[in-house]
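Spelled out, the chains give:
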Amino acid sequence: MSDTATTLTLTQPDDWHLHFRDGDLLAETVPATARCFARAIVMPNLVPPVTTAAAATEYRARIMQAVPEDKAFEPLMTLYLTGETTVADIQAAKAAGVVAAKLYPRGATTNSDAAVRQVESLFPVFEEMTRQNMLLLIHGEVTDAEIDIFDREKEFIDRHLQAIVRAMPELKVVFEHITTKDAVDFVVTATDKVAATITPQHLLMNRNDLLVGGVRPHNFCLPVLKRNLHQQALQKAVASGSKRFFLGTDSAPHARHMKESACGCAGCYSAWSAIELYAEVFERLGCLDNLEGFASHYGADFYGLPRNTNTITLVRESWQVPSKINLPSGDELVPFYAGETLNWKLQA
Ligand code: NCD
Ligand code: ZN
């Protein structure tokens, strides 16, 4: 496409990693995503987590009730792996239409207290997932107190991820929301059973955007923003057009008072500007032509699902991400990139 193009039409994209939350918040989060995306991989880190087929089925029904009438949207459900997850749980999840299971190291992130202590103890479960053609989605960070938070992703690759993919060569693994050059290098040199999602915040920002001039709680997410050479490696990965990297926003709302706090929550709520944020990055990188593959093709291909057949159109139009979103509960959400100007906008 030329530099002066004023519209950009894409196969409708999917979001391969996000957090809808539950209860009243679904009325906010589900329309925000259904605005643009046809499908989304829904993270299971509720309280309590979604650890059974029945819980996933009930959660899907609550999400479907929040889908606006004029939208066709399909939530793709995931199971939260714990030390107690059994082969039978995997079989039941598959039968209920659950497409993937999520591995959180214990304590790695929001609501991960129930997660796995010993990754290797789950190998029989991973074997069953391979048989059932379910994907393994991994939050790739170690959580040991002595490991520096900026090194936790690399350490996870070295300690666990190498071993998992070596032991399970047929299992499809998505290394979620990668943040480092180490992760990019791992994915490009792995087999074609390994892919990764990349968020808008990790493409747009580095740790200066978190810490310079004052702590910016709304840019705090996990894995934490890294130094700029890692940001550049992620940018290079998407600019390369490699099919192994695809869109996963990790949109993860927390009320303003939970983020602007002495112990602020991790997570950026990006759903209302998701595709526009990626368009911004791809344009700055001079690779807008790659946006459709990243946003709309590679994820579906990796998951073994059909690509969407309808399209969306972005128009070149400056607009400001709102400074806040009022929730019916009286709480406020501060969206990611609040107050910033974006140059592409989804056509209504
Ligand atoms: C996510 C959340 O809030 O649920 N937070 C985040 O910073 N990404 C959890 C996660 O994906 O790690
Ligand atoms: Zn997430």
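Refer to the structure above for everything that follows.
These numbers were taken from a predicted model, which means no experiment stands behind them.

Draft legend 1. Region of interest: the packing of aromatic side chains. For the structure shown, the criterion picks out eleven aromatic pairs. Between the aromatic rings of Trp 16 and Phe 246, the centroid separation amounts to 6.3 Å while the plane-to-plane angle is 75°, which identifies the pairing as edge-to-face. Pair noted here: Trp 16 is in strand S2 (residues 15-18) and Phe 246 is in strand S9 (residues 245-247), with a separation of 230 residues, a long-range link. We note that Trp 16, like Phe 246, is buried. Between the NZ or CZ atom of Lys 172 and the centre of the ring of Phe 302, over which it lies, the distance is 5.8 Å. Over the aromatic face of Trp 319 sits the side chain of Lys 345, whose NZ or CZ is 4.5 Å from the ring centroid.

Draft legend 2. Seen up close, the sheet that holds strand S3 (residues 39-42). The eight strands are arranged S2-S3-S4-S5-S6-S7-S8-S9 in an open sheet whose pairing can be described as parallel. Among the strands making up the open sheet, the edge pair consists of S2 and S9. Geometrically, the sheet is characterised by an average inter-axis angle of 30° between neighbouring strands, direction not taken into account. The pairing of strand S4 (residues 74-80) with strand S5 (residues 100-103) spans three bridges and is classified as parallel. Each residue of the ladder has a partner; that of Leu 79, found in S5, is Ala 101. Here helix H12 (residues 291-303) sits on the sheet in contact with S2, S3, strand S6 (135-138), strand S7 (173-175), strand S8 (194-198) and S9, set at roughly 115° to S9.

Draft legend 3. Seen up close, the packing of helix H6 (residues 181-189) against helix H9 (residues 228-239). Viewed as axis vectors pointing N to C, H6 and H9 meet at an angle of 30°, and their least axial separation amounts to 8 Å. Here H6 is positioned roughly parallel relative to H9, judged by the angle of their axes. Here Lys 181, Asp 182 and Val 184 of H6 come into contact with H9, specifically with Leu 229, His 230, Ala 233, Leu 234 and Ala 237. When the residues that make up the contact of H6 with H9 are grouped by side-chain class, the tally is five nonpolar, one polar and two charged.

Draft legend 4. Layout of the site of ligand 1. Near ligand 1 there are 15 residues, and of these Arg 21, Asn 45, Thr 109, Leu 222 and Asp 250 occur at the shortest range. Here ligand 1 loses 100% of its free accessible area of 310 Å² to cover by the protein chains.

Draft legend 5. Quick look at the pairing of S8. Across the five residues that make up S8, a large majority, five, are buried. Residues Val 194, Ala 196 and Ile 198 of S8 are buried on one face, and the alternating residues Ala 195 and Thr 197, pointing to the opposite face, are buried as well. In this view, the connection linking S7 to its parallel neighbour S8 by way of H6 has right-handed handedness. Examined bridge by bridge, S8 and S9 share three bridges and lie parallel to one another. If you follow Ile 198 over to S9, its bridge partner there is Leu 247.

Draft legend 6. The coordination of the zinc ion (ligand 2), seen in detail. Surrounding the zinc ion (ligand 2) are the protein donor atoms His 17 (NE2), His 19 (NE2) and Asp 250 (OD), which sit 1.9 to 2.0 Å from the metal. Each of the four donor atoms around the zinc ion (ligand 2) contributes to a set of angles spanning 93 to 140°, which defines the coordination as irregular.

Draft legend 7. Quick peek at the nonpolar core. Leu 81, Leu 103, Phe 126, Leu 136 and Leu 291 are the most contacted members of the largest nonpolar core, which has 94 residues in total. Among the elements that take part in this core, helix H11 (residues 274-284) stands out by supplying seven residues, more than any other. Setting aside residues no more than four positions away along its own chain, Leu 103 makes contact with Leu 81, Val 116, Val 119, Leu 122, Phe 126, Leu 136, Leu 137, Ile 138, His 139, Phe 156 and Ile 164. One finds Val 99, Ala 115, Ala 195 and Ala 300 within the second-largest nonpolar core, a separate group that totals 18 residues.

So, how was this worked out
Residues numbered from 1 in each chain as written. Chains lettered and ligands numbered in written order. Predicted model: local features only at pLDDT ≥ 70, side-chain atom pairs only at ≥ 80, totals over all residues. Heavy atoms only, no water. Phe/Tyr/Trp six-rings, centres within 6.5 Å; stacked < 30°, edge-to-face > 60°. Helix = DSSP H or I, 4+ residues; strand = E, 2+ residues; numbered from the N terminus. Buried < 20%, exposed > 50% of the residue type's maximum accessible area, 1.4 Å probe, protein only. Lys NZ or Arg CZ within 6 Å of the ring centre and 35° of its normal. Pairing = 2+ DSSP bridges. Axes fitted to C-alpha atoms, helices over the stretch in contact; angles between N-to-C directions. Contact = heavy atoms within 4.5 Å. Parallel < 35°, antiparallel > 145°, perpendicular 65-115°, else oblique. Nonpolar A, V, L, I, M, F, W, Y, C, P; charged D, E, K, R; others polar. Near = heavy atom within 4 Å. Areas by Shrake-Rupley, 256 points an atom, 1.4 Å probe, with all protein chains shown as cover. Right-handed = clockwise from strand over helix to strand, strands pointing away. Donors = N, O, S within 2.8 Å, 3.2 Å for Na, K, Ca; no water. Tetrahedral: all angles 85-135°; square planar, octahedral: opposite > 155°, others 65-115°. Core = buried A, V, L, I, M, F, W, Y, C linked by side-chain atoms within 4.5 Å.

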